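Here's the letter readout for the chains.
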Amino acid sequence: MKNYINGKWENTTGTSQITVVNPGSEEELIRFTTASPQDVDAAVAAAQKALESWSLTSPEERANWLNKIADAIEAAKNTLIELSHRNNGKSSEQAQVDVDNSIKCYRYYANLVKSFAFSQVTECDGGIELTHQQNPVGVVALITPWNFPLITSAWKIAPALAAGCTLIFKPSELVPLPEYAFTQLLDQIQFPQGVFNLILGDAVAAQHLVTHPEVNKVSFTGSTEVGIHVMQAAARSVKRVTLELGGKSPILILEDADLDEAVDKALGGMFYNSGQMCSATSRLLVHQSIAERFYQKFKAAVESIILGSDLSGPFAMGPMTTQKQFQKVREYLSIAKDEKLQTLIDFEQIAVPEKGFFIQPHVFVNVPTESRLWKEEIFGPVICCRSFETEEEAIRLANDSEFGLAATIITGSLEHGKKIAKRLRSGHIWINSHQMIQPGSLWGGFKKSGIGRELGQSGMQSYLEENVITL
Ligand code: NAD
């Protein structure tokens, strides 16, 4: 595997080797050498060189390219789904959702950029004319994690290109195959040289990118821990930063909720993608008057989950994507044992495939708020539940977290749901739905879940820098 710099495939010159593994079978997929700081320098130089011409292209021209990217993904859909299945451990069904959503994202920004007001003129007293201009922020570094390849990157690449920025993209070194195939598509459609550059590297390359004086902005998605390093490193050269970080999101099941709907949304909101979602609703709060009936139904649903490599349907769950993540979740399960947490389900009756990084779903009830499992992001199929007496208590518990990425409310009345939603400190709130994210909506967190917003007009705005001409 090679880096893609200035429209050419270049050998990496790093020293460490990464082995990429199929998490469903533990078979080696590929081994590659990581990018060095010198490779990063070359990619940044290419992006700097391409900036002037790309930033001066018309919005229509950029929209055409974004649509060409969407067309290319569409044509290569089956390959991308297969790679995401093998590298990420996603079922083909879930991998297809990611690919479809990435296509939608490129098309969304193709449309937006055509109608966006990059320049606005206003008249002031005394014959003064003001022209407000929206300019590309410059060369941007895009760094992504491993849980939703193609889609997390689309949320960055599409608005950055639409805004007129040139970029260096560093996907997770653990799941590089879908993004590598995506770059091959850009090469095939002869995307303008130097505008898009791919660096296949680990923390060394990423750190060099974040501190590089010629990089104007970093858009990072990943853990809060690494996000804090990114923000500190970027501060030295006053880079713009967007940080999409961890979460520990609540799901509130109100007294008037339909129980079947509550079970459906709690199940999908937690166990989709084997719980490896920043927005997983992993803290469940249920009104005490319905708690017992809800738990009965939830127990039956979770115990119906089957583990396997390419299964479809709401009760199918794949492996953890990486061995490191598999070990991390197991550590939390041993903490749960030490903390003597009360389990709702008989997880041992769920069969585990012989090979692969599979973990059974776990549901803990009456979890104390001081438990590490209640407070910390686990990023695996583990949900912690508590009941509440009053809505004031539910809102207080929901907001009592260092994170604030997402929340779900299940209620029989949408008006009731909206009133509660106004009081939640979360970036995205679903009422009677879960994990549904439209390209025209908004993504980003309060508190330690991040800074800045992706998607929608705000997502493109974050790649623009405003100035004014006074005449
Ligand atoms: P991670 O923080 O370990 O790695 C993310 C990326 O950062 C990788 O590409 C990695 O190579 C790079 N990186 C490592 N060290 C770096 C450094 N010093 N400077 C700059 N970059 C560095 O995260 P992960 O394990 O890949 O992903 C899981 C985390 O991502 C979870 O915490 C999850 O909540 C979060 N996430 C957040 C969102 C969101 O939208 N808020 C979406 C998906 C995942």
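Cut-offs used in this document
- Residues numbered from 1 in each chain as written.
- Predicted model: local features only at pLDDT ≥ 70, side-chain atom pairs only at ≥ 80, totals over all residues.
- Heavy atoms only, no water.
- Helix = DSSP H or I, 4+ residues; strand = E, 2+ residues; numbered from the N terminus.
- Rg over C-alpha atoms; globule rule 2.2 N^0.38 Å.
- Buried < 20%, exposed > 50% of the residue type's maximum accessible area, 1.4 Å probe, protein only.
- Contact = heavy atoms within 4.5 Å.
- Areas by Shrake-Rupley, 256 points an atom, 1.4 Å probe, with all protein chains shown as cover.
- Lys, Arg positive; Asp, Glu negative; His and termini not counted.
- Charge placed at Lys NZ, Arg CZ, Asp CG, Glu CD.
- Pairing = 2+ DSSP bridges.
- Axes fitted to C-alpha atoms, helices over the stretch in contact; angles between N-to-C directions.
- Expected span 1.5 Å × (residues − 1).
- Polar contact = N/O pair within 3.5 Å; in protein donor to acceptor, adjacent residues only side chain to side chain.
- Near = heavy atom within 4 Å.
- Nonpolar A, V, L, I, M, F, W, Y, C, P; charged D, E, K, R; others polar.
- Domains from an automatic or database assignment.

A. Region of the structure containing the overall build of the protein chain. Scanning the protein chain from terminus to terminus reveals 15 helices and 24 strands. Here the C-alpha atoms of the protein chain give a radius of gyration of 23 Å, agreeing with the 23 Å that 2.2 N^0.38 yields for 471 residues. Overall, the C-alpha framework of the protein chain stretches about 65 × 60 × 40 Å when taken along its three principal axes. Taken over 471 residues, the protein chain has a buried fraction of 57%. In the protein chain, once contacts between residues fewer than 6 apart in sequence are set aside, the share between residues at least 24 apart is 74%. Summing over all exposed atoms, the protein chain offers an accessible surface of approximately 19400 Å²; the carbon and sulfur share of this is 49%. Between the mean site of the 42 positive side-chain charges and the mean site of the 53 negative ones, the protein chain shows a separation of 2 Å.

B. A look at the sheet that holds strand β24 (residues 464-470). Judged by pairing direction, the sheet is antiparallel, and its 3 strands sit side by side in the order β5-β6-β24 without closing on themselves. Of all strands in the sheet, those bounded by a partner on one side alone are β5 (119-123) and β24. Geometrically, the sheet is characterised by an average inter-axis angle of 20° between neighbouring strands, direction not taken into account. Two elements, strand β6 (residues 129-136) and β24, share 7 bridges in a ladder whose sense is antiparallel. Along β24, the bridge assignment pairs Asn135 with Glu465.

C. Structural context of helix α9 (residues 259-271). When the terminal C-alpha atoms of α9 are compared, their 18 Å separation across 13 residues agrees well with the 18 Å that a helix rising 1.5 Å per residue should span. Where burial is concerned, most of α9 is hidden: 10 out of the 13 residues are buried. Leu259, Ala262, Val263, Lys265, Ala266, Leu267, Gly268, Gly269, Met270 and Phe271 are the residues of α9 that are buried. Two or three places before Asp260, at the start of α9, stands the capping residue Asp258, its side-chain oxygen 3.1 Å from that residue's backbone nitrogen. Asn273 sits one or two positions beyond α9 and adopts a positive phi of about 55°.

D. Region of interest: the sheet that holds strand β13 (residues 283-287). Across the sheet, 7 strands lie side by side as β16-β17-β18-β13-β12-β20-β21; this open sheet has mixed pairing. What marks the edges here is a single partner per strand, and that holds for β16 (342-343) and β21 (428-431). By the bridge criterion, 2 bridges tie β16 to strand β17 (residues 362-365) in an arrangement that is antiparallel. Directly across from Gln342, in β17, lies its bridge partner Val365. Sheet strands touched by helix α14 (residues 414-421): β12 (250-253), β20 (406-410) and β21. Its angle to β21, the strand with the most contacts, is close to 160°.

E. Representation of the environment of Glu415. Positionally, Glu415 belongs in helix α14. Separated by 16 residues in the primary sequence, Glu415 and Ile431 have C-alpha atoms spaced 9.9 Å apart.

F. Expanded view of the site of the ligand. Every one of the 27 residues lining the ligand counts as a neighbour, but Thr144, Glu173, Ser223, Leu245 and Glu377 are closest to it. Between the ligand and Gln207, the relevant distance is 3.0 Å, taken from a nitrogen atom to a side-chain nitrogen or oxygen of the residue. For the ligand, whose free accessible area comes to 850 Å², the fraction covered by protein is 89%. Looking at the shell around the ligand, the element that brings in the most residues is helix α7 (residues 203-211), giving 4 residues. For the shell around the ligand, the per-class residue count stands at 15 nonpolar, 8 polar and 4 charged. Taken domain by domain, the shell around the ligand gets at least three of its residues from each of domain 1 (3-245 + 449-470) and domain 2 (250-431).

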